Amino acid sequence: RTPISREKPYLHIGATGAWQVRVPAAQADSRGISWADGPTAGRDLPLSSFHVATPAQSASVLAKALDRGKNLLLTPGVYDVDRSLVIRRDDTVVLGLGHATLTAVGGATPVVVRHQAEGIVLAGITVDAGTELSPNLVHIQGQPGNKQKPRTTTPSTTLNDVYIRVGGPHIGRADTSLRIDADDVLIDHAWVWRADHGVEGFTEGVAGDTDRWRTNIGRQGLVVDGDRVSATGLFVEH
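Here goes a summary of the coordinates provided. These figures come from a predicted structure and were not determined experimentally. Residue positions are given per chain, counting from 1 as you read along its sequence in written order. A pLDDT threshold of at least 70 governs which residues receive local features in this predicted model, and a stricter bar of 80 or more applies before side-chain atom pairs are shown or counted, although totals over entire chains, interfaces and linings include all residues. Side-chain figures throughout are based on the complete set of non-hydrogen atoms in the structure, without hydrogens or water.

**Some points on the overall build of the chain**
Phase 1: Helix numbers and strand numbers start at the N terminus; a helix is a DSSP run of H or I with at least 4 residues, a strand a run of E with at least 2. Each helix and strand counted, the chain has two helices and 18 strands in total.
Phase 2: Categorising residues by exposure relies on relative accessible area from a 1.4 Å probe, with only protein chains included: less than 20% of the type maximum marks a residue as buried, more than 50% marks it as exposed, and the intermediate range marks it as partly exposed. Within the chain, buried positions represent 46% of all 238 residues.
Phase 3: Here, two residues are considered to be in contact whenever any of their heavy atoms come within 4.5 Å of each other. Counting contacts in the chain only where the partners sit at least 6 residues apart, residues at least 24 apart contribute 69% of the total.
Phase 4: Of the roughly 11,000 Å² that the chain leaves accessible, carbon and sulfur atoms contribute 52%. Note on areas: Shrake-Rupley, 1.4 Å probe, and residue coverage restricted to the protein chains presented here.

Here is the structure:
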C-alpha cells in the first residue's frame, strides 16, 4: 500500500463531447488501480479554465494567464522562459503535453509555487537550465518546519512526471535544480539530472567529455527543507 498518492491529470472528452482535464484526487493507503470500481475519484475542469499555450507565446503571456486565475495547458514544444511562472492560486494545474519544455533564459527560475498556494499539480513538463546560471529551476516555496500547519491528506503540491535537466541539447547552468521548502509535497516520478552528454565540440577550444563537465554546471540536484515530503519514483544523478 502507498501511504499517499495522486495520479497525473489527463486531457479527455467528457460525456457531453467537450474537452476536459481530469484531475485525480489524492488517495491515502492505496493499492492497485484506481478505476477498478468506476472512474478514478477526482474532478473535471473545462478546457475554458485553461490557457492553452504555444511555444510562440512569451513567458509574460503565460505568467499573466496564471495571474488571471487560469490553469495552463502547454502544447508540445520548447518555451523560452525569461521570467518566473509564479503560481499563487490554490488548486492550479499546469499540464504539459508531449513533455513541453520550459527553458530558463537570463538566469530565470522558470517555475515558482508560492508558499500560500495549496493543491497545486505540475505534470508532464521538462524544465531545462539555460546558459546563464539560475538559482533554481523549480522552487516550491514554503515555510519549512511551520508547526502551526496541520497534517493533510492532500499534497500542497504534486509533481507528476516532471523532468528537470541541466545540459544536453545546449549548455545549462543552475545552482539547484529542484528546491522544496514547502510541507506535504508529493513527487510522483521526477528525474532530476545534470547531463554529462551532448553534442561533441559545442564549445570552442575544448573537446570530449570534459567539455560537458566544465560547462554544464549543477551544484545540487534536489534540496528538501519541508516536512512530510514523499516521493514515489525519484531519480537524481550526475
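What follows picks up the thread again.
**Some thoughts on the pattern of salt bridges**
Phase 1: Salt bridge, as applied in this entry: a Lys or Arg side-chain nitrogen positioned within 4 Å of an Asp or Glu carboxyl oxygen. Tallied over the full model, the rule gives six salt bridges.
Phase 2: One salt bridge in this structure joins D67 and R88, with 2.8 Å as the shortest N-O distance. Of this pair, D67 sits in helix α1 (residues 59-67) while R88 is found in the loop between β9 (85-87) and β10 (93-104), placing the two residues 21 residues apart along the sequence.
Phase 3: We classify D67 as partly exposed; its relative accessible area is 48%.

**Details of the sheet that holds strand β11 (residues 111-113)**
Phase 1: When DSSP finds at least two bridges between two strands, those strands are taken to pair. Pairing is parallel across the open sheet formed by five strands, whose spatial order is β9-β11-β13-β15-β17. Pairing within the sheet leaves two strands with one partner each, and these edge strands are β9 and β17 (217-224). Taken over all neighbouring pairs, the strand axes of this sheet differ in orientation by 20 degrees on average, direction set aside.
Phase 2: Here β11 runs beside strand β13 (residues 134-140); their pairing, made up of three bridges, is parallel. Of the residues in β13, the one forming a bridge with V112 is H139. Think of each axis as a best-fit line through the C-alpha atoms, taken over the contacting stretch in the case of a helix, with angles from 0 to 180 degrees between the N-to-C directions.

**Thoughts on unusual backbone geometry**
Peptide bonds are mostly trans, and most non-glycine residues show a negative phi.
Phase 1: With a phi close to 50 degrees, H99 is a non-glycine residue in the positive phi region.
Phase 2: Within the secondary structure, H99 sits in strand β10.
Phase 3: Phi at H238 is positive, roughly 65 degrees, even though this residue is not glycine.
Phase 4: By the element assignment, H238 lies in the segment after β18 (230-237).
Phase 5: Judged by its relative accessible area of 43%, H238 falls in the partly exposed class.

**Details of the environment of V185**
Phase 1: Inspection of the secondary structure puts V185 in strand β16 (residues 185-194).
Phase 2: As a C-alpha pair, V185 and P155 span 30 residues in sequence and 5.3 Å in three-dimensional space.
Phase 3: Ignoring sequence-local partners within four residues, the contact set of V185 consists of I140, S156, T157, L159, I180, R228, V229 and S230.

**Considering the packing of aromatic side chains**
Phase 1: Here a Phe, Tyr or Trp ring, Trp counted by its six-membered ring, pairs with any other such ring whose centre lies within 6.5 Å, and the pair is stacked when the planes are under 30 degrees apart, edge-to-face when over 60, and tilted otherwise. Within this structure, the stated rule accounts for three aromatic pairs.
Phase 2: Ring plane angle 85 degrees and centroid distance 5.7 Å describe the contact between Y163 and W191, whose orientation is recorded as edge-to-face. Within this pair, whereas Y163 is found in strand β14 (residues 157-166), its partner W191 is found in strand β16, the two being separated by 28 residues in sequence.
Phase 3: Classification of Y163 by relative accessible area gives partly exposed; the value is 21%.
Phase 4: Overall, W191 belongs to the partly exposed group, its relative accessible area being 30%.
Phase 5: Here the aromatic cluster, defined as three or more aromatic residues joined through ring pairs, consists of Y163, W191 and W193.

**A word on the sheet that holds strand β5 (residues 42-46)**
Phase 1: Pairing within the open sheet is antiparallel, and its three strands lie in the order β2-β3-β5. Each having just a single partner strand, β2 (10-13) and β5 make up the two edges of the open sheet. Shown here is a sheet whose adjacent strand axes are inclined to one another by a mean of 35 degrees, direction ignored.
Phase 2: Note: strand β3 (residues 19-24) against β5, five bridges, orientation antiparallel. Across the sheet, Q20 pairs through a bridge with P46, a residue of β5.

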